[in-house]
Amino acid sequence: MMELQWLIALLPFLAALLVHLLAGRLGHRVTRLSVGINVIVVGIAAFQLALYITGDTGPQWMGLANGWGSLQLDPLSAIMALVVAGISLVVHVYSIRYMFEEPGYARFFMLLDLMTGSILLMVMAGDLITLLIGWHLIGVVLYFLLTHNTEPPRAQRYAFWTFITYRLGDLPLVLATVILFQAYGVLDLPTLFDRIAESPDARTVMGLPVTGTVAFLVALAAFAKSAQFPLHTWLPYTMEGPTPVSALMHAGIVNAGGIIINRFAPVFVHSSEVLHLLFIVGLLTAVIGSLMMLSQNDIKKSLGYSTMGQMGFMVMETGAGAFALSIFHLIAHGLFKGTLFLGAGNVIGAARRHDGVPNEPLYDFLVERKSAPARVPWFIIGAVTLIVPLVILVGAHAWVAERFFQQQGAIVLLFFGWITGVQVLFTAQRLDTENPLRMMALIILSFAVIVIGYVLVGHSFEAFLYPDAAFRDALYSAAGIDKLTFDVLVVLLAVVFVLGWIGAYLSRTRQRPMDKLPAGARLMLYSLLSRELYVADVHERVTDRLLALSRRLNIWLRWR
């Protein structure tokens, strides 16, 4: 099966080479070659995943020489190879007509193939050097994709932001590679992780623990690549590039952080403090990304901040010990976010024809003769909204995995699932409908079906990605905190969310909590959200200073 793995990694690079060499002879028809090779890659990846699932060979590794230039076949590389190749194929097909009249048509497809090959190389890397090469190539090729259209000056500026942020993400991974090689003397990942399991207490410079230091450096690299706060500004501001690039970036490239964290799971299992850092940074990123998404008036920028929030949830899940769930999350997010970006143009066109603003109830009653929507008493809404999602979630998990509730990370995920369910029902009861009870019943039924399906697939996926149950339990245990502190935090968060829902309910009546805030506080809140917490302004100032410094160096060194 390793021969198939090499084909998956090398065919996109071959496609890029052929597109470059044959573009002058074939013209626009060269895209057929690119798409055809990508279809073959998807077919091979699907066949290899099916072969791995049905077979009993286990993880495999094959290298060229001296432990580097290698690829590995394991559950993570097998599933992600198919996801990356599949999303890339969709973007290729979409770009055939979308980019047809753009200059540099063949060059764009060459860059798409290079990006596909770089991501696949990073996903399937079997040693630290190959992993670094793929990790670095992603940032370089992304810069050229974002600057494919060289006319808008803003595109160049924001591509530069992305390039610098990605270079910042490269440095920690390079340092982590040096530390690991110095401590354990090997480069190939299977042997390296075996030695880490045998001696996790190894020390490095100044007596620092190797596992803790490496986990922290890998986390920093993931923060840069997956747009974690405050290294997030490159993601929502890179919308000047072609729409297919945005789709590929938000559906695949930005997931690199979650993939690299899962790849180094044998290191993070010995680094509880770093897991706590992942949880805090991910939670902060998810909250800020969601707030920024709601305050945008640009659909693509709003989708960009939505991706930031989803990446925050993904990193938070790893911090809770649910490493497999983070991969499941990024796969689901990649599929639907890529679709959203590819369909954003149609939504913008439809919005120009019709603003979509609903009519006032008085207009509906007098002009369209619609009766006022029926309302359910608030105490029924409160009871159903708060209790039903919890019952469904607890029942589904207890049915599938009885030991699920013994881990703090699982309780955290259950808590956020409850919040999501409550929010769905709370939002649904505000919809105008003639029969609110029937609508609520249908929503509860849909929620139950989704949760049960998600739980079944999620636990099966976790068992596939990490077959060793002891290792899965060790990840959850490493992410745990003091029991009393955990209970206090859960209760405190629950109270905060319930008070928020009560405030949102009161805002539907004549009592509006926001109106009671001082004008200065409301203005400050609006300014912070509208200016995106001023983080982008700081990055812009830093960019200007760096460019000014480079100009002075050029003059001083008399470079031409």
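All values reported here derive from a predicted model rather than from experimental measurement.

Colleague: Please set out the overall build of the protein chain residue by residue, giving values where relevant.
Modeller: Tallying secondary structure elements over the protein chain gives 23 helices and 2 strands in all. Burial analysis of the protein chain (560 residues in total) assigns 48% to the buried set. Across the protein chain, every contact between residues at least 6 apart in sequence was considered, and the portion connecting residues at least 24 apart equals 77%. Surface accessibility of the protein chain: about 27,700 Å² in total, with carbon and sulfur atoms responsible for 67%.

Colleague: Requested: an account of the pattern of salt bridges, with residues and values cited.
Modeller: For side chains bearing opposite charge, pairing can occur when the charged atoms are close. On inspection of all chains with the given rule, the structure shows 3 salt bridges. Across the pair Arg263 and Asp74 runs a salt bridge whose closest N-O atoms are separated by 2.6 Å. With Arg263 in helix 10 (residues 256-263) and Asp74 in the loop between strand 2 (68-73) and helix 3 (75-98), this residue pair connects regions lying 189 residues apart in the sequence. Neither Arg263 nor Asp74 differs from the other in exposure class; each is buried. The partner of Asp170 in a salt bridge is Arg167, and the shortest N-O contact between them spans 2.5 Å. Of this pair, Asp170 and Arg167 both sit in helix 6 (residues 153-184), 3 residues apart, roughly one helical turn.

Colleague: Tell me what's going on with the side chain of Ser88, and back it up with residues and numbers.
Modeller: Assignment of secondary structure puts Ser88 in helix 3. Non-local contacts of Ser88, meaning those with residues more than four positions away in its chain, are made with Asn38, Thr116 and Leu248.

Colleague: Lay out the nonpolar core in plain terms, naming residues and giving numbers.
Modeller: Core analysis: the biggest nonpolar cluster contains 133 residues, and Met80, Phe264 and Phe268 have the highest contact counts within it. Ranked by residue count, the leading element in this core is helix 4 (residues 105-124), at 14 residues. Each residue touching Phe268, except ones within four places of it in the same chain, is listed here: Ala215, Val218, Ala219, Ile261, Val274, Leu275, Leu278, Phe323 and Ala478.

Scoring rules and cut-offs
Residues numbered from 1 in each chain as written. Predicted model: local features only at pLDDT ≥ 70, side-chain atom pairs only at ≥ 80, totals over all residues. Heavy atoms only, no water. Helix = DSSP H or I, 4+ residues; strand = E, 2+ residues; numbered from the N terminus. Buried < 20%, exposed > 50% of the residue type's maximum accessible area, 1.4 Å probe, protein only. Contact = heavy atoms within 4.5 Å. Areas by Shrake-Rupley, 256 points an atom, 1.4 Å probe, with all protein chains shown as cover. Salt bridge = Lys/Arg side-chain N within 4 Å of Asp/Glu carboxyl O. Core = buried A, V, L, I, M, F, W, Y, C linked by side-chain atoms within 4.5 Å.

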